[in-house]
Amino acid sequence: MYVPPAFKDDDVESIRATIRGARLATLVTATAEGPVATPLPFFLDETEGEHGTLYGHLARANPHWRLPPIGEALAIFTGPEAYVTPSWYATKQETGKVVPTWNYVAVHAYGPVEFFVEPERLLDAVTRLTNKQEGSRAKPWAVADAPADFIAAQLRGIVGVCIPVARFEGKRKMSQNRPEADRVGVAAGLAASDNPQDREVAPLIPVPA
């Protein structure tokens, strides 16, 4: 990922927050047959390893896990994102020398990937992932709510994914390279948008309090 210095995010808590907030990630591996990618949810065990360990799972029928990876795997997490129109820039009125851009948050996690099928490990992984997703619900569903033999059959249909993270790349592109007046305009424009995704980006723009 290309990360200019102005947009580099190397704050560990910020990176972990992006991973926790991502609803879906993309697992990418290089193979002898070319790059392979699978969208899937992950959770990060922050206590396991120097940078934490990612866990997820994919369908056993998915050929991705049967293709030996070449080098490290890559897990891509994205956060809030929005189109930025030049119309919001004060610079547009001053010089007209402006173009559109896109603001976004992204984290790339790299590390060796392991695919596993042991029932105990799979049950632990899906239970923890389910608890993460269900935790905020008024009446959370738990894996133990389903019959044990049914869950055992479901586990036979998936393969676990484990990535001990070797390094992160974080990028937070939020108009930091623009003059203050332009950033104020972007924040105001996004906050007034009808699109809820735009409004989610608005408070991330660095503007004076």
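Note that the coordinates shown come from a computational prediction; the quantities given were computed from them, not determined experimentally. Throughout, residues of each chain are indexed from 1 in the direction in which the sequence is written. Totals for whole chains, interfaces and linings use every residue, but because this is a predicted model, local features are given only for residues with pLDDT of at least 70 and side-chain atom pairs only at 80 or more, for both listing and counting. Water and hydrogen atoms play no part in the side-chain values, which are based on all heavy atoms of the structure.

Asker: Just give me the short version of the overall build of the protein, but keep the residues and values in it.
Answerer: Secondary structure elements are defined from DSSP: runs of H or I of at least 4 residues count as helices, runs of E of at least 2 residues count as strands, and each element is numbered from the N terminus. Within the protein one finds 6 helices and 9 strands. By principal-axis analysis of the C-alpha atoms, the protein measures approximately 65 × 45 × 30 Å. Working rule for contacts: check all heavy atoms of both residues, and any pair within 4.5 Å makes them a contact. Across the protein, the fraction of contacts at a sequence separation of at least 24, relative to all contacts at a separation of at least 6, is 72%. On the protein, roughly 11,500 Å² of surface is accessible, and the fraction owed to carbon and sulfur atoms is 56%. Only four residue types enter the tally: Lys and Arg on the positive side, Asp and Glu on the negative side, with His and both chain ends excluded. One atom stands in for each charge, and that atom is NZ of Lys, CZ of Arg, CG of Asp or CD of Glu. Here the protein contributes 21 positive and 25 negative side-chain charges, whose respective centroids are spaced 5 Å apart. Computed with the Shrake-Rupley method and a 1.4 Å probe, the accessible areas treat only the protein chains shown as cover for residues.

Asker: Before we move on, could you go through the environment of Tyr 83 and cite the residues and values that matter?
Answerer: Examined against the element boundaries, Tyr 83 turns out to sit in strand 5 (residues 73-84). Taking C-alpha positions, Tyr 83 is 18 Å from Ala 181, a pair spaced 98 residues apart along the chain. Not counting chain neighbours up to four residues away, the residues in contact with Tyr 83 comprise Trp 88, Pro 100, Thr 101, Trp 102, Leu 190 and Asp 198.

Asker: Any details on the pattern of salt bridges? Residues and values, ideally.
Answerer: Definition used for salt bridges: Asp or Glu carboxyl oxygen within 4 Å of a side-chain nitrogen of Lys or Arg. Per the counting criterion, the structure on display carries 12 salt bridges. A salt bridge links Arg 172 to Asp 9; the shortest N-O distance between them is 3.8 Å. Note that Arg 172 is positioned in strand 9 (residues 167-173) and Asp 9 in the segment before helix 1 (12-21), a separation of 163 residues in sequence. Through salt bridges with shared partners, a single ionic network connects Glu 13, Arg 16, Arg 20 and Glu 46.

Asker: Describe the packing of aromatic side chains, listing the residues and the values that go with them.
Answerer: Any pair of aromatic rings gets described here by the distance separating the centres and the angle formed by the planes. Between the rings of Phe, Tyr and Trp (Trp by its six-membered ring), a pair exists once the centres lie within 6.5 Å; its type follows the angle of the planes, with under 30 degrees stacked, over 60 edge-to-face, and the other angles tilted. As enumerated under the stated definition, the model contains 3 aromatic pairs in all. Between Phe 42 and Phe 77 the ring centres are 6.1 Å apart and the planes differ by 55°, which places this aromatic pair in the tilted class. Of this pair, Phe 42 sits in strand 3 (residues 42-45) while Phe 77 is found in strand 5, placing the two residues 35 residues apart along the sequence. Like Phe 42, the residue Phe 77 is buried in the burial classification. For the ring pair Phe 43 and Tyr 55, a centre distance of 5.5 Å and an interplane angle of 25° mean the geometry is stacked. Separated by 12 residues along the polypeptide, Phe 43 in strand 3 and Tyr 55 in strand 4 (residues 53-59) bring together distant segments of the chain. Buried residues are those whose accessible area, probed at 1.4 Å on protein chains only, stays under 20% of the maximum for their type, while exposed residues exceed 50% and partly exposed ones sit between those limits.

Asker: Just give me the short version of the pairing of strand 3, but keep the residues and values in it.
Answerer: Residues Phe 42 and Leu 44 of strand 3 are buried on one face, and the alternating residues Phe 43 and Asp 45, pointing to the opposite face, are buried as well. For two strands to count as paired, DSSP must find a minimum of two bridges between them. As paired strands, strand 3 and strand 4 are joined by 4 bridges and run antiparallel to one another. Paired with Phe 43 across the strands is Tyr 55, a residue of strand 4.

Asker: If you had to explain the sheet that holds strand 4 to someone new, which residues and values would you point to?
Answerer: Pairing is antiparallel across the open sheet formed by 4 strands, whose spatial order is 3-4-8-7. A strand with exactly one partner marks an edge of an open sheet, and here the two such strands are strand 3 and strand 7 (114-116). The mean inter-strand angle of the sheet, taken between neighbouring strand axes irrespective of direction, is 25°. Pairing between strand 4 and strand 8 (residues 158-164): 7 bridges, direction antiparallel. Note on strand 8: the bridge partner recorded for Tyr 55 is Cys 162. In the packing of helix 3 (residues 119-134) onto the sheet, the strands contacted are strand 3, strand 4, strand 7 and strand 8, and the crossing angle to strand 3 comes to about 100°. Every axis in this analysis is a line fitted to C-alpha atoms, fitted for helices over the stretch in contact. Angles between the N-to-C directions lie between 0 and 180 degrees.

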